[in-house]
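Summary of the model geometry
One letter stands for each residue in the lines below.
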Amino acid sequence: MLPFPDFWRQLLRCGVCGISAMAAAITLPAAAQTATATAASGPLPAEVEAALARARLPRDALSVLVVDAQGGRASPRLAHRAQVPVNPASVMKLVTTYAALEQLGPAYVWNTPVYLQGTVQEGSLRGNVYIQGQGDPKLVMERLWLLMRRLQGQGIQVIVGDIVLDRSAFDVPEHDPARFDGEPLRPYNAAPDALLLNYKSSVMTFVPDAAAGLARVQYDPPLAGVQRQATVALAAPGTECGDWRGGLRAELGDPVKVAFQGVYPAACGERAWPVAAADPRAFAMRAVEGMWRELGGKLTGSVRDGKVPAGLKPAFVVTSPALAEVVRDVNKHSNNVMAQHVFLSLALQKNGVATFDGAREALRQWWVARMGDAELPLADNGAGLSRDARITAQALARMLQVAWASPVMPELVASLPIAGVDGTLRRSQSRAGTAHLKTGSLRDVMAVAGYVHGASGRRYVLVAVVNHANAGGARPVLDALTDWAARDQ
């Protein structure tokens, strides 16, 4: 099997995005206040106040709620601006993934059927191959390789016809990858696609060879019709690694050509650079043809979009990992496009076609049924990569209390980063292993939400969100809150 680097799970994080102004505060009805903050603003722990001062953040930049995970009528341990709608950034993925675990089930999988139209004789298929995308969020390079190997296992080496890609399961608007923050080549800006291959991104791996005075460049996946520079000159001996990407002076905007005008420092050793496709719509076509030809297959026609003819039965089906595993990738590494696929799948399962409006309605119905009067979140695309998403700390804490008592609680908690150990919290300065927390960060947002294990053995829900121009410096504030929540004796 082809090697596949772990960092692909982290590709689609966003840490440099902006938000719009916060909405006005909304007060929940008294009946919904299991995880309530009865006062709009309460005293903060001294260490949190000090961390806010060091970060030059006012108290009203922070919304926080700490409450017993098991619910009940006990007062919150800490409540400050918990009823104010705030932008939660990627913490919104908690809502999406918990809703999916309950509605779809932890064992839910996405199938990608492959159809053959025509007859196979002496290694040649005289007809078309159809690949029908149904929203698999993890159809990455090595699984595309396996799909093509299974196609060859049907006795096919030559396709005398076309490979047709059916993406009709998703009905989503056209997406401009530069619209959000002007960074179209950042993988976190990739858009959902019913046939999402390798997150619409490639990885360039640079391997220096000092004796030859160059670095070799490996590109994955192979893309048909794209010229890619195979080597780049090494920088002068003794050059530090530094900004090695800037030093390459890469030309990545041409969909059919990759070139470098600069040099690569040998001191960097082997490095990988993931890049989103310059032409996202054509990426799947280039990747399918490139992988087919890489495996020695021949194609007389082209790879194109189309629909599976009625009545055709699949020759085989490629099945994704289970939702419980996908949710772990989404939350541990804050993968945006995977989160959007999970969100859209709520609509796909109910309606047979995935739309964002359908996903939001499915989420609304579930939320009302499970959370009662708790204020409905504004989920937007379900990933938190949004300037419009909103939720209150109070509503999110209520959801986390409900989740704690849910049969899918183990899958949800296991998907969350562990403070100081893994995922987006591996560099956290809070006490390692005491908390399972989803993180969120945009340019003006820093947030955490999840569960903290107290010294007494009790579990607490912690929701903390900073919305402010200086939010980038709020990590010590969130660490201080996590440590304070853990010290309950």
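Above this text is the structure in question.
Everything numeric in this text was worked out from a predicted model, so none of it was measured.

What counts, and at which threshold
As a convention, each chain's residues are numbered from 1 in the sequence order in which they are written. Side-chain atom pairs in this predicted model are given and counted only at pLDDT of 80 or more, local residue features only at pLDDT of at least 70, and totals for whole chains, interfaces and linings cover all residues. The side-chain numbers reported here are obtained from all heavy atoms of the structure, hydrogens and water having been left aside. Exposed residues in this analysis have more than 50% of their type's maximum accessible area, buried residues have under 20%, and partly exposed residues fall in between, with area computed by a 1.4 Å probe over protein chains only. Working definition: helices are DSSP H or I runs of at least four residues, strands are E runs of at least two. Numbering for both runs from the N terminus. In this description, strands pair whenever DSSP reports at least two bridges between them. Whenever a helix is involved, its axis is fitted only over the stretch in contact; in every case the axis is a line through C-alpha atoms, and angles between N-to-C directions fall within 0 to 180 degrees. Note on terminology: a nonpolar core comprises buried Ala, Val, Leu, Ile, Met, Phe, Trp, Tyr and Cys residues joined through side-chain atoms within 4.5 Å. Two residues qualify as a contact provided that any one of their heavy atoms is within 4.5 Å of a heavy atom in the partner residue. A pair of cysteine sulfur atoms is labelled a disulfide when the two atoms are within 2.5 Å.

What to know about helix 2 (residues 93-103)
- In terms of burial, helix 2 is a largely internal element, nine of the 11 residues being buried.
- Listing the buried residues of helix 2 in full gives Lys 93, Leu 94, Val 95, Thr 96, Thr 97, Tyr 98, Ala 99, Ala 100 and Leu 101.
- Gly 105 lies just past helix 2 and shows a positive phi near 95°.

Overview of the sheet that holds strand 13 (residues 271-276)
- One open sheet holds the four strands; their spatial order is 10-8-7-13, and the pairing between them is antiparallel. On the outer flanks of this sheet lie strand 10 (231-233) and strand 13, each paired with one strand and no other. On average, each strand axis in the sheet is inclined to that of its neighbour by 25°, with strand direction left out of account.
- Relative to strand 13, strand 7 (residues 201-209) is paired through six bridges, and the arrangement is antiparallel.

Quick word on the nonpolar core
- Judged by nonpolar contacts, the single largest core of 73 residues is most densely connected at Met 399 and Tyr 451.
- Dropping the residues within four chain positions of it, Met 399 is found in contact with Leu 94, Val 95, Tyr 98, Trp 366, Trp 367 and Met 371.

Re the state of the cysteines
- All chains considered together, the criterion is met by one disulfide.
- With a sulfur-sulfur separation of 2.0 Å, Cys 241 is cross-linked through a disulfide to Cys 268. Disulfide Cys 241 to Cys 268: torsion about the S-S bond roughly 110°, handedness right-handed. Of this pair, Cys 241 sits in the loop between strand 10 and helix 4 (244-248) while Cys 268 sits in the loop between strand 12 (257-260) and strand 13, and the two are 27 residues apart along the sequence.
- You can call Cys 241 buried: its relative accessible area is 16%.

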